[in-house]
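Chain residues, written in single-letter form:
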Amino acid sequence: MHRDEEFTGPVTFEIGMKAMRLLHGRKGRLPEGVKDISDIIMPDASRGALCNLAYRMTEIENLEKLGSTLPRGVMFVGPPGTGKTQAAMSLAKASGWAFLKTTGADIIADPRSWDRLYREACDVRPCVVFIDEVDGILQDRRHTGHGMLTEQLLSTLDGAAGRTPDVLFIAATNHYDRIDTAAVRSGRFEEKILFDVPTNKAMAAYVRTILASKLDGAWKVETGAVAQTIRLLSGRTIADADALVRKAMTLAALRRMREQTVDFRVADVVYAAHSIFAQ
Ligand SMILES: Nc1ncnc2c1ncn2[C@@H]1O[C@H](COP(=O)(O)OP(=O)(O)OP(=O)(O)O)[C@@H](O)[C@H]1O
Ligand SMILES: [Mg+2]
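The structure reproduced in this document is the subject of the present report. Quantities reported herein were computed from a predicted structural model and do not represent experimental measurements.

### Side note on the nonpolar core
As a rule of thumb, nonpolar side chains are buried together in soluble globular proteins.
Moving on, step 1. The biggest cluster of nonpolar side chains holds 64 residues, and the ones touching the most others in it are Phe 76, Cys 127, Val 128, Val 129, Ile 170 and Ala 171.
Moving on, step 2. If you count residues domain by domain, this core takes at least three from each of domain 1 (13-194) and domain 2 (200-277).
Moving on, step 3. Apart from residues lying up to four places away in sequence, Val 128 is in contact with Ala 88, Leu 91, Ala 92, Trp 97, Phe 99, Leu 168 and Ile 170.

Rendered as structure tokens:
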């Protein structure tokens with residue numbers, strides 16, 4: 001809803017909540033440049049699940065009337081840099097919900113911050129509460145010293161039961177195998193969405209698109225530079241692809257300024273990959 005849009009007709013719960021959010025100002029607002037769900041490279045099944053979730057969030061009131069509902073919590077599972085945080089923001093963007101974020105480490109460092117965050121979420125709802133790197137807290141309790149915090153977090157989800165689920169908890173982990181089974185029970189983080197590095201085909205398409213958008217007609221692309229970029233990114237993440245292209249473009253742009261050349265070379269890509277990936 002835009003600021004200049006007028007409220008007419010009965011003030012529904014949803015309108016009341018949106019008005020509250022305007023009053024709360026920036027709290028829960030997304031940063032600039034959040035990607036659309038369609039811009040996230042992910043397995044088809046996962047994208048389907050994400051779109052379905054976004055739809056259910058948008059239609060939460062109608063869904064409730066029909067006796068259906070949203071999950072209380074969702075777990076995003078996948079290796080680092082595969083788009084979990086981005087996807088959580090995309091979901092908030094697609095549904096128009098507010099977005100608040102914390103991490104397992106933040107909650108461990110300041111356990112009271114969790115209750116504060118939940119209260120904030122209730123103030124700005126409908127709201128996505130995203131907990132990044134949740135492993136530390138939701139790890140099987142036999143292996144962690146954070147049993148109390150696990151209880152605290154899960155009891156927030158349990159306590160929210162019965163209410164309109166317009167605070168959606170999303171937790172992200174790189175280690176689903178370590179998560180306490182109690183955390184993924186019904187009424188808790190009951191749905192799972194998988195993230196992974198892109199297939200070679202998806203990576204090739206992504207690389208071609210971003211290089212085409214950055215290397216306009218003023219550049220001369222050396223034969224093999226695009227293919228080499230794709231090869232070097234095989235098995236890597238979109239975050240890696242973004243970093244590699246940024247670095248290679250910087251090298252080419254610096255040379256262009258110093259030497260009045262306009263070429264984007266295989267060597268730029270190779271050097272960039274070496275400096276980013278070779279540890
Ligand atoms: N599958 C993807 N599609 C589109 N963009 C992506 C994808 N994966 C990563 N990115 C981009 O790479 C950057 C890092 O991604 P993000 O922080 O979402 O990864 P993550 O899975 O949350 O990683 P971590 O486990 O380290 O927290 C973001 O700028 C994001 O836009
Ligand atoms: Mg993340």
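Having seen the model, we can carry on.
### Observations regarding unusual backbone geometry
For residues other than glycine, phi is negative in most cases, and the peptide bonds are mostly trans.
Moving on, step 1. Between Arg 125 and the following residue, Pro 126, the backbone shows a cis peptide bond with an omega angle of 10 degrees.
Moving on, step 2. Secondary-structure assignment places Pro 126 in the loop between helix 6 (112-124) and strand 3 (127-132).
Moving on, step 3. The backbone of Glu 133 shows a phi angle near 40 degrees, a positive value even though the residue is not glycine.
Moving on, step 4. Following the sequence through the fold, Glu 133 ends up in the loop between strand 3 and helix 7 (135-138).
Moving on, step 5. Overall, Glu 133 belongs to the partly exposed group, with 19 C-beta atoms counted inside 10 Å.
Moving on, step 6. Unusually for a residue other than glycine, Gln 260 sits at a positive phi of about 55 degrees.
Moving on, step 7. Along the chain, Gln 260 falls in the loop between helix 11 (238-259) and strand 7 (263-264).
Moving on, step 8. Judged by the 7 C-beta atoms lying within 10 Å of it, Gln 260 is exposed.

Reading guide: rules and limits
Residues numbered from 1 in each chain as written. Chains lettered and ligands numbered in written order. Predicted model: local features only at pLDDT ≥ 70, side-chain atom pairs only at ≥ 80, totals over all residues. Core = buried A, V, L, I, M, F, W, Y, C linked by C-beta atoms within 7 Å. Buried ≥ 20, exposed ≤ 12 C-beta atoms within 10 Å, placed from the backbone. Domains from an automatic or database assignment. Contact = placed C-beta atoms within 7 Å. Helix = DSSP H or I, 4+ residues; strand = E, 2+ residues; numbered from the N terminus.

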